[in-house]
Amino acid sequence: MKSRKILVTSALPYANGSIHIGHVLESVITDIWVRYQNINGNECLYFCADDTHGTPVMLKAKELGIDPEELIKRTREEHIKSYSRFNINFDNFYTTHSDENKKYAEDIYQKCKEGNLIFKKEIEQFYDSEEGLFLSDRFIKGTCPKCGAEDQYGDGCSVCGTTYTPDDLLNPVSSLSNSELTKKRTEHVFFDLPQMKDFLENYLKDLTLQDPIKNKLNEWIEDGLKPWDISRDKPYFGFEIPGEKDKYFYVWLDAPIGYLASAKNWAENNNMDMKDLWGESSDYEIHHFIGKDIAYFHALFWPALLKSSNIRLPESINVHGFLTIDGEKMSKSNGTFINADDFAENYDGELLRYYFADKFNNSIDDLDFNEDEFIQKINSDIVGKYLNIASRVSKFIEKNGNNLSANLKKRL
Amino acid sequence: MLNPVLPTITSKALEVFNDSATNDFNNIKDYLVDTKINPYKPLLKRLEKAKINEEIEMEDSNLINIKDFAKIELRVAKIVKAEGIEEADKLIKLHLDVGDLGERTVFAGIKSAYDPESLNGRHVVLVANLEPRKMKFGVSEGMVLASSNDEGSIYLISPDEGAKPGQLVK
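Before going into details, it helps to say that this report is about the structure given with it. Quick caveat, the model's predicted, so the values are computed rather than measured.

Cut-off values and rules
Residues numbered from 1 in each chain as written. Chains lettered and ligands numbered in written order. Predicted model: local features only at pLDDT ≥ 70, side-chain atom pairs only at ≥ 80, totals over all residues. Heavy atoms only, no water. Helix = DSSP H or I, 4+ residues; strand = E, 2+ residues; numbered from the N terminus. Rg over C-alpha atoms; globule rule 2.2 N^0.38 Å. Buried < 20%, exposed > 50% of the residue type's maximum accessible area, 1.4 Å probe, protein only. Contact = heavy atoms within 4.5 Å. Areas by Shrake-Rupley, 256 points an atom, 1.4 Å probe, with all protein chains shown as cover. Lys, Arg positive; Asp, Glu negative; His and termini not counted. Charge placed at Lys NZ, Arg CZ, Asp CG, Glu CD. Patch = residues over 30% accessible without salt bridge, like charges linked within 9 Å, V, L, I, M, F, W, Y side chains within 5 Å. Salt bridge = Lys/Arg side-chain N within 4 Å of Asp/Glu carboxyl O. Core = buried A, V, L, I, M, F, W, Y, C linked by side-chain atoms within 4.5 Å. Polar contact = N/O pair within 3.5 Å; in protein donor to acceptor, adjacent residues only side chain to side chain. Buried area = accessible area lost by both parts, 1.4 Å probe. Pairing = 2+ DSSP bridges. Axes fitted to C-alpha atoms, helices over the stretch in contact; angles between N-to-C directions. Parallel < 35°, antiparallel > 145°, perpendicular 65-115°, else oblique. Left-handed = near helix turned anticlockwise from the far one by under 90°. Nonpolar A, V, L, I, M, F, W, Y, C, P; charged D, E, K, R; others polar. Phe/Tyr/Trp six-rings, centres within 6.5 Å; stacked < 30°, edge-to-face > 60°.

## Here we look at the overall build of chain A
Across its full length, chain A holds 12 helices and 17 strands. Taking 412 residues into account, the globule formula puts the C-alpha radius of gyration at 22 Å, and chain A, at 24 Å, falls close to it. Residue burial in chain A is summarised as follows: out of 412 residues, 54% are buried. A separation of at least 24 residues holds for 73% of the contacts in chain A among residues at least 6 apart in sequence. Total accessible area computed for chain A in this model is approximately 19400 Å², and 45% of it derives from carbon and sulfur atoms. Here chain A carries 49 positive and 68 negative side-chain charges, and the mean point of each set is 5 Å from the other.

## A word on the overall build of chain B
When helices and strands are counted, chain B shows four helices and 10 strands. Starting at the N terminus, the α and β elements of chain B follow one another as α-α-α-β-β-β-α-β-β-β-β-β-β-β. Buried residues in chain B amount to 32% of all 170 residues. Sequence-distant contacts, at least 24 apart, represent 52% of the contacts inside chain B between residues at least 6 apart. Approximately 11500 Å² of chain B is accessible, and the part contributed by carbon and sulfur atoms is 50%.

## Some thoughts on a nonpolar patch on the surface
Residues and elements named next belong to chain B. Nonpolar side chains collect at one region of the surface, where Ile64, Ile66, Phe69 and Ile72 lie side by side and expose about 400 Å² of accessible area between them. Relative to the helices and strands, Phe69 is located in helix 3 (residues 66-70). Of the residues examined, Phe69 reaches a relative accessible area of 35% and is grouped as partly exposed.

## Remarks on the nonpolar core
Residues and elements named next belong to chain A. Phe191, Trp278 and Phe374 are the most contacted members of the largest nonpolar core, which has 119 residues in total. Dropping the residues within four chain positions of it, Phe191 is found in contact with Cys112, Leu117, Ile118, Met196, Pro227, Trp228, Ile230, Ala304, Leu305 and Ser308. Of all hydrophobic cores here, the second largest spans 20 residues; its members include Ile72, Ile140, Tyr164 and Leu169.

## A word on the environment of Thr30(A)
All names here are of chain A. You can see Thr30 is positioned in helix 1 (residues 21-39). Sequence separation between Thr30 and Asn16 is 14 residues; the distance between their C-alpha atoms is 23 Å. Those residues within four positions of Thr30 in sequence are excluded, and the remaining contacts are Val8, Thr9, Ser10, Tyr46 and Phe289. A polar side-chain atom of Thr30 sits 2.6 Å from the main-chain carbonyl oxygen of Glu26.

## Some points on the pattern of salt bridges
All names here are of chain A. Taken as a whole and judged by the stated rule, the model has 31 salt bridges over all chains. A salt bridge links Lys62 to Glu131; its shortest N-O distance comes to 3.3 Å. Of the two residues, Lys62 is situated in helix 2 (residues 55-64) and Glu131 in the loop between strand 4 (118-128) and strand 5 (133-134); the sequence distance between them amounts to 69 residues. Using a relative accessible area of 56% as the deciding quantity, one classes Lys62 as exposed. With relative accessibility at 30%, the residue Glu131 sits in the partly exposed group. Residues Glu201 and Lys197 are paired through a salt bridge, measuring 3.6 Å at the closest nitrogen-oxygen approach. Placement of the pair is Glu201 and Lys197 together in helix 5 (residues 197-206), with a separation of four residues, close to one helical turn. Note on Glu201: relative accessible area 21%, which makes it partly exposed. Take Lys197: its relative accessible area is 31%, and that puts it in the partly exposed class.

## A look at the interface of chain B and chain A
At the interface, 37 residues of chain B touch 44 residues of chain A. Taking both sides of the interface into account, the surface hidden between chain B and chain A amounts to around 3700 Å²; carbon and sulfur atoms contribute 62%. If you sort the residues of chain B by the area they bury against chain A, Tyr40(B), Leu47(B) and Ile52(B) come out on top, with a joint share of 19%. The partner of Lys49(B) in a salt bridge is Asp372(A), with the nearest N and O atoms 2.9 Å apart.

## Considerations on the environment of Leu45(A)
Residue and element names in this part refer to chain A. For Leu45, the position within the fold is in strand 2 (residues 43-50). With relative accessibility at 5%, the residue Leu45 sits in the buried group. As for Leu45 and Ile397, which are separated by 352 residues in sequence, their C-alpha atoms are 40 Å apart. The residues touching Leu45, leaving out its near neighbours within four places in the chain, are Ile6, Leu7, Val8, Asp91, Trp266, Leu277 and Tyr284.

## A short note on the sheet that holds strand 3 (residues 92-95) of chain A
Residue and element names in this part refer to chain A. The five strands are arranged 3-2-1-13-14 in an open sheet whose pairing can be described as parallel. In this open sheet, the two strands that pair with only one neighbour each are strand 3 and strand 14 (316-320). Recorded for the sheet is a direction-independent mean angle of 25° between the axes of neighbouring strands. Note: strand 1 (residues 5-10) against strand 2, five bridges, orientation parallel. Bridging from a neighbouring strand, Thr9 pairs with Phe47 of strand 2.

## Considerations on the sheet that holds strand 10 (residues 228-229) of chain A
The antiparallel open sheet is built from four strands, whose spatial order is 5-4-9-10 (chain A). Strand pairing shows two members of the sheet lacking a second neighbour, strand 5 and strand 10 of chain A, which therefore form its edges.

## Here's the deal with the packing of helix 4 (residues 99-114) of chain A against helix 7 (residues 251-269) of chain A
Residues and elements named next belong to chain A. Running from N to C, helix 4 and helix 7 cross one another at 125°; their axes reach a closest spacing of 8 Å. Our classification of the angle between helix 4 and helix 7 gives oblique. Read as a crossing pair, helix 4 and helix 7 show a hand that is right-handed. Every residue of helix 7 that contacts helix 4 at Glu100, Asn101, Tyr104, Ala105 and Ile108 is listed here: Asp254, Ile257, Gly258, Leu260, Ala261, Lys264, Asn265 and Glu268. Tallied by class, residues from the contact of helix 4 with helix 7 come to six nonpolar, three polar and four charged.

## Considerations on unusual backbone geometry
Residue and element names in this part refer to chain A. In this model, Lys234 is joined to Pro235 through a cis peptide bond whose omega is 0°. With respect to the secondary-structure elements, Pro235 resides in the loop between strand 11 (231-233) and strand 12 (247-249). Located in the positive-phi region is Asn116, a residue other than glycine, with phi close to 55°. Structurally, the position occupied by Asn116 is in the loop between helix 4 and strand 4.

## Quick notes on the packing of aromatic side chains
All names here are of chain A. The final tally for this structure, using the stated rule, is 28 aromatic pairs over all chains. Ring centres of Tyr46 and Phe90 lie 4.8 Å apart, and the angle between their planes is 55°; on these two criteria the pair is classed as tilted. Here Tyr46 is found in strand 2, whereas its partner Phe90 is found in the loop between helix 3 (68-84) and strand 3, with 44 residues between them in sequence. Centroid distance Trp220 to Tyr296: 4.5 Å. Interplanar angle 85°. Geometry classified as edge-to-face. One end of the pair, Trp220, is in helix 6 (residues 211-223); the other, Tyr296, is in helix 9 (residues 295-308), and 76 residues separate them in sequence. On the accessibility criterion, Trp220 (33% relative accessible area) is partly exposed.

Next comes the structure, spelled out in structure tokens:
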């Protein structure tokens with residue numbers, strides 16, 4: 001069998017917090033796949049990075065009284081250490097705040113511009129004048145227009161499940177300063193996604209991706225794609241948009257580009273030409289592993305960006321569901337949140353790999369972690385079966401001077 | 001076959017076979033015969049429940065550890081003299097005898113429940129290492145412990161008979 005060359009990524013964890021066992025789930029299934037390919041005679045490389053840009057990182061650094069650069073440096077070291085406790089074998093765990101990523105983001109933007117895929121439009125956005133900040137949906141709180149629940153985010157109600165925009169929210173306030181919001185006009189840069197409709201429809205046909213997700217994406221395409229707002233105003237932690245003043249690339253533009261940057265950084269350190277690794281027509285297959293919440297970005301925006309820059313497109317996007325704890329959504333306030341390091345303090349991280357591997361399948365349904373079930377499974381499968389058999393057999397072999405029989409039919 | 005899932009455990013398991021077995025799927029031999037192998041060493045013990053979530057719940061609640069508690073210096077104190085403050089509806093000025101620590105003045109918000117004179121000679125529990133706080137009527141050098149309910153009733157905490165001023169409470 002001809003051996004395959006494969007390049008694999010898992011989603012970039014965000015750099016304002018620790019790795020939790022939901023992150024671990026994704027990296028474990030990716031790592032198992034990568035290891036399987038490698039011991040099967042294929043060449044398989046695994047790239048990841050920290051997703052470092054955006055308002056939450058900026059605010060977290062401010063809260064800690066340090067520079068964002070210092071925060072993301074610390075977080076990256078911590079993340080690498082956490083993943084290693086689960087034997088995740090990245091070929092490169094890089095950062096989106098890198099020279100390589102900046103260059104790729106700028107080049108891709110330039111190519112999009114040349115392809116007439118970029119335009120500017122004035123929009124109206126909520127502004128927190130106390131903090132001097134334009135606010136995204138998640139930083140706006142108010143009363144749900146449907147059920148009247150208070151303290152709900154600007155993008156949807158956690159009580160009745162309605163989704164809406166901050167405009168619909170009653171009494172919207174800033175979640176940062178609790179002050180009333182004003183509306184301010186500002187010019188934003190857009191990527192003209194509707195132009196890519198035909199390309200995306202065709203691309204989705206060939207893409208290996210679970211059907212429920214594919215159907216959902218096709219629905220979105222049919223409902224009409226909207227231009228994608230790719231700029232954010234100052235103050236923002238990210239890359240400045242070339243040719244614009246006080247405008248930054250939206251974090252979701254340069255996050256997936258971080259896959260390219262991570263691969264590029266590895267190629268440079270391993271005397272390889274990036275053209276051969278992930279160029280216009282390189283030999284390496286490309287496979288992404290992601291959670292279902294970010295399928296939109298990976299199966300629509302991302303291929304559109306790659307296409308417009310003539311960079312090789314992924315052949316598969318492998319989507320998984322969320323990890324729940326005892327059947328509940330992972331949440332710090334419910335006590336159903338498990339940090340990766342907390343887990344590894346209590347149990348050998350490798351054993352969680354077995355538990356996840358045992359439960360995981362191709363569906364995009366959520367997967368549940370339950371501590372009792374975990375212990376039961378490890379004790380019954382690994383300790384009680386595999387290792388118990390090995391231990392018993394070893395006693396017989398010991399009687400034979402630790403020598404395996406030369407004749408399979410001969411009795412010891 | 002388990003190697004991609006359990007890389008460490010399976011690698012250790014392979015050590016038993018010296019170098020005569022391999023993880024490489026394409027080089028798996030039919031049978032391993034007439035080979036000297038190493039003694040088997042246990043690779044994993046049975047798991048006992050560690051209760052990760054309970055620990056986390058504890059972190060999230062208001063629990064403190066023994067060191068945190070030890071930071072608070074609680075001492076028995078005797079009320080030498082208690083006087084009401086005319087301009088303040090709630091405050092009583094307490095002169096306390098704290099044994100070796102000497103005398104302390106504490107302003108306590110207990111006037112609604114206690115007549116100052118009834119307090120003279122009573123033993124109470126004092127937070128002795130609370131930062132002194134400057135108030136309108138003087139400096140308060142600590143706090144006496146009391147319990148209160150939603151209706152505003154206040155109950156001073158006292159040690160059982162025999163406790164001497166200055167004694168540590170822990």
